[in-house]
Amino acid sequence: MPDCMPATVHIGGKLRKAKLDELRALLPPTGDLDEAIKEGKPFYGEDGDAAWGHFPELEEFCRKHNLTYRRTSDAKYEYDGEVVLWQPGMKKPISNAATQNGHVYTTVESLRAALDNGDTLRDVVDDLERFTRPIPAFEVVKAKGKKK
């Protein structure tokens, strides 16, 4: 049986109208997709008891349909909090440690590895900032690339 912990997700990008019901079935219990669409914002949802703090089926759906997503999972017991990001063009999601509030951070060990790799402070900051960039608005389109 999985440990359950709070998790949130932001989703943005363009999705065909025919796929909306499939997406709705995967969304966490708290969040309003219709409001996000109406207001031209990314979808935001949360689940206080997500298995392992993940949304595996939802994240797979997003990757399959080229929807950008950022998931945050709270720390619990021996598990650290994390932020996971995927956007079109990435081969796989990237992740980083995060606080309970979803703020990314790094460790001395990671900083030493970056220095050994020849990275600068600017490189480290740029790498962490990828996780804080805005998620695009969620849009519904009739057919591939055409607005609703």
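Anything mentioned here points back to the structure above.
Here goes a summary of the coordinates provided. (Residues numbered from 1 in each chain as written. Predicted model: local features only at pLDDT ≥ 70, side-chain atom pairs only at ≥ 80, totals over all residues. Heavy atoms only, no water.)

So, on to the overall build of the protein. Secondary structure summary: the protein contains five helices and six strands in total. Here the C-alpha coordinates of the protein stretch approximately 50 × 35 × 25 Å along the principal axes. Look at the contacts in the protein between residues 6 or more apart in sequence, and 60% of them connect residues 24 or more apart. With an accessible surface of roughly 9,200 Å², the protein has 50% of that area assigned to carbon and sulfur atoms. Taken together, the 23 basic and 25 acidic charged side chains of the protein have centroids lying 12 Å from each other. (Helix = DSSP H or I, 4+ residues; strand = E, 2+ residues; numbered from the N terminus. Contact = heavy atoms within 4.5 Å. Areas by Shrake-Rupley, 256 points an atom, 1.4 Å probe, with all protein chains shown as cover. Lys, Arg positive; Asp, Glu negative; His and termini not counted. Charge placed at Lys NZ, Arg CZ, Asp CG, Glu CD.)

This part is about the side chain of Glu-82. Within the secondary structure layout, Glu-82 lies in strand 4 (residues 81-86). A polar atom in the side chain of Glu-82 sits 3.4 Å from the side chain of His-54. Excluding its chain neighbours within four sequence positions, the residues that come into contact with Glu-82 are His-54, Arg-71, Thr-72, Ser-73, Ser-95, Asn-96, Ala-97 and Ala-98. (Polar contact = N/O pair within 3.5 Å; in protein donor to acceptor, adjacent residues only side chain to side chain.)

So, about helix 3 (residues 56-64). Along an α-helix, residues three or four apart share an orientation, since each turn contains 3.6 residues. Every buried residue belonging to helix 3 is among Leu-58, Glu-59, Phe-61 and Cys-62, and all of these are buried. Within helix 3, the buried residues cover an arc of 160° as seen down the axis, which keeps them to one side. Exposed and oriented more than 90 degrees from the buried face of helix 3 are Glu-57, Glu-60 and Lys-64. Packing partners of the buried residues in helix 3 comprise strand 1 (4-16), helix 1 (20-24), strand 3 (68-73) and strand 4. Asn-66 occupies a position one or two residues after helix 3 and carries a positive phi of about 55°. (Buried < 20%, exposed > 50% of the residue type's maximum accessible area, 1.4 Å probe, protein only. Arc of directions from axis to C-beta.)

Right, let's get into the pattern of salt bridges. A complete count under the given rule lists eight salt bridges for this structure. Salt-bridge contacts for Arg-122 lead to Glu-129; the nearest nitrogen and oxygen are separated by 3.9 Å. Residue classification places Glu-129 among the partly exposed positions, given a relative accessible area of 37%. Each member of the salt-bridge network shares a partner with another, and the members are Glu-59, Arg-71 and Glu-82. (Salt bridge = Lys/Arg side-chain N within 4 Å of Asp/Glu carboxyl O.)

Note on placement: Tyr-79 falls in the loop between strand 3 and strand 4. Along the chain, Tyr-79 and Gly-53 lie 26 residues apart, while their C-alpha atoms are 9.8 Å from each other. Residue contacts for Tyr-79: discarding those within four places in its chain leaves Asp-3, Met-5 and Trp-52.

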